[in-house]
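# Chain and residue survey
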Amino acid sequence: MNHFEIPPFTDKGKAVSFGKTPDGKGGAAKSAPNSKMLMPTGPQADFKNSMTLNDGTHVAVTTITGKKSGFTGKVWVWAPKEYNDPKFAKSGFPVMIALPGGAGFPNNYWMGTDLGLQTSISKWYAEGKSKPFILAMPVLNPAPDDKGVYWDGSDIPGQPKMGTWLTEDVPDLMRENFRTVKSRDGWAFMGSSTGGFAGLKAVLKHPDKFKAVIASGPDIVPDSSLWKGHEKEKAENNPELLAKQLIDKKGPDVYLAFQVGDNENNKKTLPDVQKFVQTFTKGPVHTSLRVIPGGQHNAKTYVPNMGEGPIQFISQVMEGPVE
């Protein structure tokens, strides 16, 4: 009965609350002005349980219409068990926005526990390798990746504003519902393939908001067919040009952890990433590159290898839990 998700043998679909928010549903206190932690601002989202992990934590899902992008889509969330530990009751937690490759619609494959992202973060935290990240797992695209059409996690003219969705609306949802870190020191991306590109681009485009990314098997330049006729906007979303601008401005510092398999189906992926690292690792742009022996272009390759360097690289420079 649990396997077939038939109530009452499963808690799938039940309402989930990750904490109290000051909207009449718990009345959380505001954080002190000098605090590094931001209390949930509310309003509280309507989260429904998607699955319960063995440690009792929940992956939950909600559908929101972004106030800034106008896009309506699903966001899955997960908080580690430490989030509800009384020891951390007044602590803000770092947030990692996890982006999928492939279609990235209508689901985000990181929400499934088969890839083990959630249990891996808990394990890495216990081992002292990682921060106890809260995960936000939004849809990446506004429609199916049909015939290779995708949106590059960007605001392409005439298209849904997926860049604003990922960098404004999803963080706003997390601030509304969770105790977070006020500064950019508590905000990061991770993603694979097109999601890796979107996360890399987001950090380089908005270094005032995000500090780090783990980009696995990413594209390095925007290549969506939807950019046709919009070369200026395409250039404004090009990680190579954004990295150069950041270096010229001398900051703020960003931390880019790349990992690429040496057996990826696109043989250009590794040399393209190596060239980016060689060219732009200077000044405020800090990089690490893990080449995965025998690694292929898939999430099952990337998750275990995040624990072999990339998660440590970004966790060393990020904050949380903080009061």
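Refer to the structure above for everything that follows.
Residues numbered from 1 in each chain as written. Predicted model: local features only at pLDDT ≥ 70, side-chain atom pairs only at ≥ 80, totals over all residues. Heavy atoms only, no water.

### Quick word on the nonpolar core
To be explicit about the condition: Nonpolar cores were defined as sets of buried Ala, Val, Leu, Ile, Met, Phe, Trp, Tyr and Cys residues, with membership established by side-chain atoms within 4.5 Å. With a 1.4 Å probe rolled over the protein chains alone, any residue whose accessible area is under 20% of its type maximum counts as buried; one over 50% counts as exposed, and the rest are partly exposed. In what follows, a contact means two residues having at least one pair of non-hydrogen atoms within 4.5 Å.
Judged by nonpolar contacts, the single largest core of 84 residues is most densely connected at Trp110, Met137, Trp165, Leu204, Leu256, Phe258 and Ile314. If sequence neighbours within four positions are ignored, Ile314 has contacts with Met96, Phe133, Ala188, Ala212, Val213, Ile214, Tyr255 and Ala257.

### Observations concerning the side chain of Thr194
How we decide: Secondary structure elements follow DSSP: runs of H or I no shorter than four residues count as helices, runs of E no shorter than two count as strands, and numbering proceeds from the N terminus.
As for its position among the elements, Thr194 is in helix α3 (residues 194–205). Overall, Thr194 belongs to the buried group, its relative accessible area being 12%. In this structure Thr194 touches Pro100, Gly101, Gly102, Leu140, Tyr150 and Asp219, once residues within four positions along its chain are discounted.

### Here we look at the pairing of strand β11 (residues 285–292)
Formally: The pairing criterion for strands is at least two bridges between them, as found by DSSP. Crossover handedness is defined by viewing with both strands directed away from the observer: a clockwise path from the first strand over the helix to the second marks the crossover as right-handed.
Bridge count between strand β10 (residues 254–261) and β11: eight bridges; the pairing is parallel. Paired with Leu256 across the bridge in β11 is Thr287. Since β10 and β11 lie parallel, the crossover through helix α6 (residues 269–280) that links them has a hand, and here it is right-handed.

### Considerations on unusual backbone geometry
The omega angle of the peptide bond from Gly42 to Pro43 is 0°, so this bond is cis rather than trans. Here the residue pair Gly320 and Pro321 is connected by a cis peptide bond, since its omega of -5° sits within 30 degrees of zero. Structurally, Pro321 can be placed in the segment after α8 (310–315). One non-glycine residue, Asp152, adopts positive backbone phi at about 55°. In this structure, Asp152 sits in the loop between β6 (134–138) and α2 (162–177). The exposure class assigned to Asp152 is buried, which follows from its relative accessible area of 3%.

### Quick look at the environment of Gln245
By the secondary structure assignment, Gln245 is in helix α5 (residues 239–249). By relative accessible area, Gln245 is classed as partly exposed at 44%. The spacing of Gln245 and Lys205 is 40 residues in sequence and 9.5 Å in space, taken between C-alpha atoms.

### Quick word on the pattern of salt bridges
When the charged atoms of two side chains with opposite charge come close together, those side chains can pair. Condition: What makes a salt bridge here is a side-chain nitrogen of Lys or Arg within 4 Å of a carboxyl oxygen of Asp or Glu, nothing more.
Summed over the entire model, instances satisfying the criterion amount to 14 salt bridges. With a shortest N-O distance of 3.5 Å, Glu127 and Lys129 are connected by a salt bridge. A relative accessible area of 41% means that Glu127 is categorised as partly exposed. With a closest N to O distance of 3.1 Å, Lys244 and Asp248 form a salt bridge. With a gap of four residues between them, Lys244 and Asp248 both fall in helix α5, about one helical turn apart. The structure contains a network of salt bridges with shared partners spanning Lys68, Glu168, Asp172, Arg175 and Lys209.

### Brief notes about the sheet that holds β11
Put simply, the rule reads: Axis lines are fitted to C-alpha atoms, over the contacting stretch for helices. Their N-to-C directions set the angle, which ranges from 0 to 180 degrees.
The strand order across the open sheet built from nine strands is β2-β3-β4-β6-β5-β8-β9-β10-β11, with neighbouring strands paired in mixed fashion. Edge positions in the sheet fall to β2 (48–52) and β11, since each of these pairs with one other strand and no more. Across the sheet, the mean angle separating the axes of adjacent strands is 20° when strand polarity is ignored. One ladder, built from seven bridges, connects strand β3 (residues 58–65) with strand β4 (residues 72–78); its direction is antiparallel. Pairing of Ala60 across the sheet is with Val77, part of β4. The strands touched by α2 are β3, β4, β5 (95–99), β6 and β8 (187–192); relative to β6, the strand with the most contacts, the crossing angle is about 135°.

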